[in-house]
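# Structural overview
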There are 2 protein chains.
Amino acid sequence: MSLYIGLVHYPVYNKNYDTIASAVTTLDVHDISRLARTYEAKAFFIITPLVDQKELVERIKAHWTKGYGASYNPDRKEALQLVAVVESIEEAKERIKQSEGEPPICVATDATGQVGKVIKFDRARDLMNKAEPILLFFGTAWGLHRQVLEDSEYVLEPIHGPGDYNHLSVRAAAAIILDRLVGR
Amino acid sequence: MSLYIGLVHYPVYNKNYDTIASAVTTLDVHDISRLARTYEAKAFFIITPLVDQKELVERIKAHWTKGYGASYNPDRKEALQLVAVVESIEEAKERIKQSEGEPPICVATDATGQVGKVIKFDRARDLMNKAEPILLFFGTAWGLHRQVLEDSEYVLEPIHGPGDYNHLSVRAAAAIILDRLVGR
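For the structure given in this document, a descriptive report is provided here. (Residues numbered from 1 in each chain as written. Chains lettered and ligands numbered in written order. Predicted model: local features only at pLDDT ≥ 70, side-chain atom pairs only at ≥ 80, totals over all residues.)

## Structural notes on the overall build of chain A
The cut-off we apply is this: Helix and strand definitions here come from DSSP, where helices need a minimum of 4 consecutive H or I residues and strands a minimum of 2 consecutive E residues; each element is numbered from the N-terminal end. In this setup the radius of gyration rests on C-alpha atoms only. A globule is expected at 2.2 Å times the number of residues raised to 0.38. Exposure classes come from backbone-placed C-beta atoms, where a residue is buried if 20 or more other C-beta atoms lie within 10 Å of its own, exposed if 12 or fewer do, and partly exposed in between. What counts as a contact is two residues whose backbone-derived C-beta atoms lie within 7 Å of each other.
Regarding its fold elements, chain A presents eight helices and nine strands. For a compact globule of 184 residues, the expected C-alpha radius of gyration is about 16 Å, and chain A comes in at 16 Å, within 12% of that figure. Viewed in the frame of its principal axes, chain A has a C-alpha envelope of about 45 × 40 × 35 Å. When each of the 184 residues of chain A is scored for burial, the buried share is 45%. Within chain A, contacts between residues separated by at least 24 positions form 80% of all contacts whose residues are at least 6 apart in sequence.

Structure, rendered in structure tokens:
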């Protein structure tokens, strides 16, 4: 398995389906880096073109990997070490290509299941077991721009519980999806 | 299925294993209420004896169920309606007994797997399918006090990914556990 996670802050939608660059939520950085470490992702890309947001994430990472946080909580250090701040989806893909020798297969996540080449969890789990690097995208705000879904090789089917309500936070969705794809 | 969720702020441990009452994290209220709605729990108890923390949760709930938030985001209203603030674990159990006619079977969650009657996810999933009400406890801060684990009928085995790292946020752990116990 060669799994990479990308948390996309641009391009995403706001509530009115305008295309925006969303702000970084600091708890996303913590929660999803701990998930990345638990499910053995090779890196967790925070994708944002906004300079102040990149700096914010770098400060959080430095605090927990080199600053006081590193000795206060070594488990958090192991998680935050996986964080890499990048400008764009293209930059994330390029970085993976440089370290793996081939570009990743992109798998986007989406609560609608209406756009792109939608695949079921079983099929995505099979993909994880192959040698190719996989880049798994999660959207922030009101979700990934449809261009990201269309440009990805696959879009993962939505999460449902017993019923039809599927309005989860990205933190909860990432937890469930990683457990379904990579959990024991 | 008759599932109830309890997020315990007392008694829990701090980093030095002193017994404390932790502060409420507002994102826990949002993320776990959305999980409760997705996985069709009957109520989500926020358990804290601290008066200011109870008031904080009541304010959040009122904003999203009766205030501006209710019209701004009806999906959030559906989730937050499940929130009930209670003083203690005993009060949560008593409320369930009043509405169900019998007390719940308590299932605690714990990252160690060393205390109490530990059961596997398969067995716990079977429990969910029976008629008895189940109260599933999640701990905050450094985890549930061992008395809670010992007093519960069962303690769920810890979550692991492919390896041994298991330092997840309570939001991520609740997501994975609910999906494993109740997911399609």
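Anyway, onward from the coordinates.
## Notes on the sheet that holds strand β6 (residues 105–109) of chain B
Residue and element names in this part refer to chain B. What counts is decided by this rule: Whether two strands pair depends on DSSP finding at least two bridges between them. Axis lines are fitted through C-alpha atoms, for helices just across the contact stretch, and the angle between N-to-C directions can take any value from 0 to 180 degrees.
Strand order in the open sheet made by the seven strands is β5-β4-β1-β8-β6-β9-β7, with parallel pairing throughout. Edge positions in the open sheet fall to β5 (83–86) and β7 (118–119), since each of these has one partner strand only. Examined bridge by bridge, β6 and strand β8 (residues 134–139) share four bridges and lie parallel to one another. The residue bridging C106 from the neighbouring strand is L135, located in β8. Running at roughly 155 degrees to β8, helix α8 (residues 170–182) makes contact with β1 (3–8), β6, β8 and β9 (154–156) of the sheet.

## Considerations on the relation of the copies chain A and chain B
Here is the rule: The copies were overlaid with a least-squares fit restricted to C-alpha atoms from residues scoring a pLDDT of at least 70 in each copy.
When chain A is fitted to chain B, the residual RMSD is 0.0 Å, and the transformation amounts to a turn of 180 degrees plus an axial shift of 0.0 Å. Both copies of the chain, as the preceding transformation shows, are related through a two-fold rotation axis. Interface overlap between copies: 100% of the residues of chain A at the interface are likewise at the interface in chain B, consistent with a symmetric, same-surface contact.

## Topic: the environment of Y68(B)
Note on placement: Y68(B) falls in helix α3 (residues 68–72). Spatially, the C-alpha atom of Y68(B) lies 28 Å from that of A172(B), the residues being 104 residues apart in sequence.

## Quick look at the sheet that holds strand β9 (residues 154–156) of chain A
Residues and elements named next belong to chain A. In space, the seven strands of this open sheet follow the order β5-β4-β1-β8-β6-β9-β7, with parallel pairing throughout. Each edge of the open sheet is held by one strand with a lone partner, namely β5 (83–86) and β7 (118–119). Across five bridges, strand β1 (residues 3–8) lies against strand β4 (residues 43–47) in parallel orientation. The residue bridging L7 from the neighbouring strand is I46, located in β4. Across the sheet, helix α2 (residues 51–65) is in contact with β4 and β5; its angle to β5 comes to roughly 165 degrees.

## Digging into the interface of chain A and chain B
Operational definition: Each residue receives one of three labels: charged for Asp, Glu, Lys and Arg, nonpolar for Ala, Val, Leu, Ile, Met, Phe, Trp, Tyr, Cys and Pro, and polar for the others, Gly being one of them.
Each partner contributes residues to the interface: chain A has 28 residues there, and chain B has 28 residues. Residue assignment for the side of chain A that touches chain B shows that the elements contributing at least two residues are α1 (26–38), α4 (74–80) and α8 (170–182) of chain A. Element by element, the count of residues in the side of chain A that touches chain B is highest for α1(A), at seven residues. The class makeup of the residues in the side of chain A that touches chain B is 10 nonpolar, nine polar and nine charged.

## A few points about the packing of α8(A) against α8(B)
Two quantities define a packed helix pair, namely the angle between the helix axes and the distance between the axes. Let me state the cut-off plainly: Just so you know how the angles are binned, under 35 degrees is roughly parallel, over 145 roughly antiparallel, 65 to 115 roughly perpendicular, and the rest oblique. Put simply, a crossing is left-handed when the front helix is turned counterclockwise from the back one by less than a right angle, and right-handed when it is turned clockwise.
Running from amino to carboxyl end, α8(A) crosses α8(B) at an angle of 50 degrees, the nearest separation of the two axes being 8 Å. Looking at the two axes, α8(A) sits oblique to α8(B). For the pair α8(A) and α8(B), the sense of crossing is right-handed. Together, R171(A), A172(A), A175(A), I176(A) and D179(A) of α8(A) and R171(B), A172(B), A175(B), I176(B) and D179(B) of α8(B) make up the contact between the two elements.

## Things to note about the nonpolar core
Our working definition: Only buried Ala, Val, Leu, Ile, Met, Phe, Trp, Tyr and Cys residues enter a nonpolar core, and they are joined through C-beta atoms within 7 Å.
Counting residues in hydrophobic clusters, the biggest one holds 112 residues, and the most contacted among them are V8(A) and V8(B). If we ignore the near neighbours within four places in the chain, the residues touching V8(A) are I47(A), I89(A), F137(A), F138(A), G139(A), T140(A), L144(A) and V148(A).

## Quick notes on the environment of A124(B)
Residue and element names in this part refer to chain B. Note that A124 resides in helix α6 (residues 121–128). The exposure class assigned to A124 is buried, which follows from the 20 C-beta atoms found within 10 Å. Spatially, the C-alpha atom of A124 lies 28 Å from that of Y17, the residues being 107 residues apart in sequence. Excluding residues within four positions of it along the chain, A124 makes contact with V107, I119, Y154, L156 and L181.

## Some points on the pairing of β6(B)
Residue and element names in this part refer to chain B. In terms of burial, β6 is largely enclosed, as four of its five residues are buried. Note that β6 and β9 share three bridges and pair parallel. By the bridge assignment for β9, V107 is matched with Y154.

## Examining the environment of E90(A)
Residue and element names in this part refer to chain A. Considering the arrangement of structural elements, one finds E90 in helix α5 (residues 89–100). E90 gets classed as exposed once you count the C-beta atoms within 10 Å, which come to 10. Sequence separation of E90 and A131 is 41 residues, and the distance between their C-alpha atoms is 21 Å.

## Brief notes about α8(A)
Turn by turn, an α-helix covers 3.6 residues, leaving residues three or four places apart pointing in a common direction. Residue and element names in this part refer to chain A. Test applied: Take the number of residues in a helix, subtract one, and multiply by 1.5 Å to get its expected span.
Taking 1.5 Å as the rise per residue, α8 with 13 residues should run 18 Å; its terminal C-alpha atoms sit 17 Å apart, in good agreement. Counting buried positions over the 13 residues of α8 gives 12, a clear majority of the element. Among all positions in α8, only V170, R171, A172, A173, A174, A175, I176, I177, L178, D179, L181 and V182 are buried.

## Here's the deal with the packing of helix α6 (residues 121–128) of chain A against α8(A)
Residue and element names in this part refer to chain A. One can describe the packing of α6 onto α8 by two numbers: an axis separation of 8 Å at closest approach and a directional angle of 65 degrees. As judged from the angle between their axes, α6 and α8 are roughly perpendicular. Across from F121, A124, R125 and M128 in α6, the residues of α8 making contact are R180, L181 and V182. Of the residues that constitute the contact of α6 with α8, the class distribution is five nonpolar, no polar and two charged.

Note that all results are geometric; they support no functional claim without further evidence.
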